[in-house]
Amino acid sequence: MRTTVGIIGAGPAGLLLARLLHNAGIDSVVLESRDRAYVEHRQRAGILEQGTVDVLRAAGAGERMDREGLRHDGIELRFDRRRHRVDFPALTGGRSVMVYAQTEVCKDLIALQLKDGGPLLFEAEALAVEDADTESPRVRFRREGVEDVLECDYVVGCDGFWGVARGAIPAELTRVFERTYPFGWLGILADVAPSHDELVYARHDRGFALLSMRSPSVSRLYLQVPEGTDAEAWGDDKIWAELERRFETADDWRLERGPITQKSVTPMRSYVHEPMRHGRLFLAGDAAHIVPPTGAKGLNLAVGDVVTFARALTYERETGSAELLDAYSATCLRRVWQAERFSYDMTTLLHRAPDATPFEDRLQLARLERLASSRAAETDLAEGYTGFPFG
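Analysis parameters
- Residues numbered from 1 in each chain as written.
- Predicted model: local features only at pLDDT ≥ 70, side-chain atom pairs only at ≥ 80, totals over all residues.
- Heavy atoms only, no water.
- Pairing = 2+ DSSP bridges.
- Helix = DSSP H or I, 4+ residues; strand = E, 2+ residues; numbered from the N terminus.
- Phe/Tyr/Trp six-rings, centres within 6.5 Å; stacked < 30°, edge-to-face > 60°.
- Buried < 20%, exposed > 50% of the residue type's maximum accessible area, 1.4 Å probe, protein only.
- Lys NZ or Arg CZ within 6 Å of the ring centre and 35° of its normal.
- Core = buried A, V, L, I, M, F, W, Y, C linked by side-chain atoms within 4.5 Å.
- Contact = heavy atoms within 4.5 Å.
- Axes fitted to C-alpha atoms, helices over the stretch in contact; angles between N-to-C directions.
- Parallel < 35°, antiparallel > 145°, perpendicular 65-115°, else oblique.

(A) Main features of the sheet that holds strand S7 (residues 97-99). Read from one edge to the other, the open sheet built from three strands follows the order S3-S7-S4, with strand pairing classed as antiparallel. In this open sheet, the two strands that pair with only one neighbour each are strand S3 (47-48) and strand S4 (70-72). Of the pairings in the sheet, the one linking S3 to S7 comprises two bridges and is antiparallel in character. Its bridge partner lying in S7, Ile 47 is registered against Val 99.

Put into structure tokens, the structure is as follows:
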């Protein structure tokens, strides 16, 4: 089997890249180790930056998003029983974000790919990337028990942290930057209308809490918990009681309870792999970088990566110049490190470390007070949250 671009992984990054290449007249093949049902139902991110929304619309994948997604023009910060709203459009020249789950993005892109795109092979496990530093890289993969080879001009690894793509870059050429956090997020899905019409980020002495949503009738909520927590050790009543404590305000706001349909614990880490390119192998998304979810950056960073690659390859096809392809890693990493900074700042602003001192607690409150009283500080947060420019 032969193609121009071999794409490993059918998450939102790989699927969107296939769509962007299709629209540019460049052929590709997508290899995905899981079946279609798994890809369309794995719960991941739910916040799309303005740039991601614009890219999906331009790619022809925005119709259902615009119909069913929830546009949000701000977030609410809570601390010391106080509430402060950050108004995104007023601070960023009209930018906003969209609540639209990654599962729905994948469904939309899969439908488009199967309708008029190139081959999308489910249950095709990539085994190795070979000859990445030559003009003819190859992806060995297994499908239905039979090994095969995908010959390409380029390979893009959108296969996540545990995929094979990153391992094809020689260790002596790489640098890894990493931080782990001594806490995680206990996340729940609940069949109850969200108790607020925008996301609420709460800093509390007992730990962080986040009020989010998946739809007008389904709430998504999170609690900071110690690293290694077992989700099943938390009963439903205990979860709701703790959420109520951490979201408490001085006014009459109240948290609505409902049946909890899903529980899970998400570990927190920051990770960057440099470079993001080796020869004709390019890394995108979690294969190259991971951010703590506080800043809602993971999916959006992956989108930035594949937009950068698609633009660079289109430019090479139109001009004969590999200038943008050669700059891929440096271009992406500038945006990646800004997102890492933003996510780190949000995480340390709102989470209480297990060994936090009274001095550090007061510093957190001082930072939040600054956000609530300074338009400049608010603007920095709003610009980061709604997204850094692509490329």
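The structure having been displayed, the exposition proceeds.
(B) Local environment of the packing of aromatic side chains. All told, the structure shown has 16 aromatic pairs when counted by the stated rule. Seen from their ring centres, Tyr 154 and Phe 282 are 6.3 Å apart, and the 55° between their planes marks the pair as tilted. One end of the pair, Tyr 154, is in strand S12 (residues 154-157); the other, Phe 282, is in strand S19 (residues 281-283), and 128 residues separate them in sequence. Here Tyr 154 matches Phe 282 in class, with each residue buried. Taking NZ or CZ as reference, Arg 166 lies 4.5 Å from the ring centre of Phe 161, over its face.

(C) The arrangement of the nonpolar core in detail. Formed by 73 residues in total, the largest nonpolar core has its most connected members in Val 5, Leu 16, Leu 48 and Phe 309. It is helix H8 (residues 298-319) that provides the largest number of residues to this core, a total of ten residues. Filtering out sequence-adjacent residues up to four positions away, Phe 309 remains in contact with Val 5, Leu 17, Tyr 154, Val 156, Phe 282, Leu 325 and Tyr 328. Of all hydrophobic cores here, the second largest spans 51 residues; its members include Phe 88, Val 192, Met 213 and Phe 247.

(D) Main features of the pairing of strand S11 (residues 146-151). Here strand S10 (residues 138-143) runs beside S11; their pairing, made up of six bridges, is antiparallel. Looking at S11, one finds that Arg 140 is bridged to Val 149. Hairpin geometry of S10 and S11 is characterised by an intervening segment of two residues between the two adjacent antiparallel strands and by a positive phi of about 55° at Glu 144.

(E) Expanded view of the packing of helix H11 (residues 358-373) against helix H12 (residues 375-386). Viewed as axis vectors pointing N to C, H11 and H12 meet at an angle of 100°, and their least axial separation amounts to 5 Å. Put simply, H11 runs roughly perpendicular to H12. The segment H11 lies against H12, with Arg 370, Leu 371 and Ser 373 engaging Arg 375, Ala 377, Glu 378 and Leu 381.

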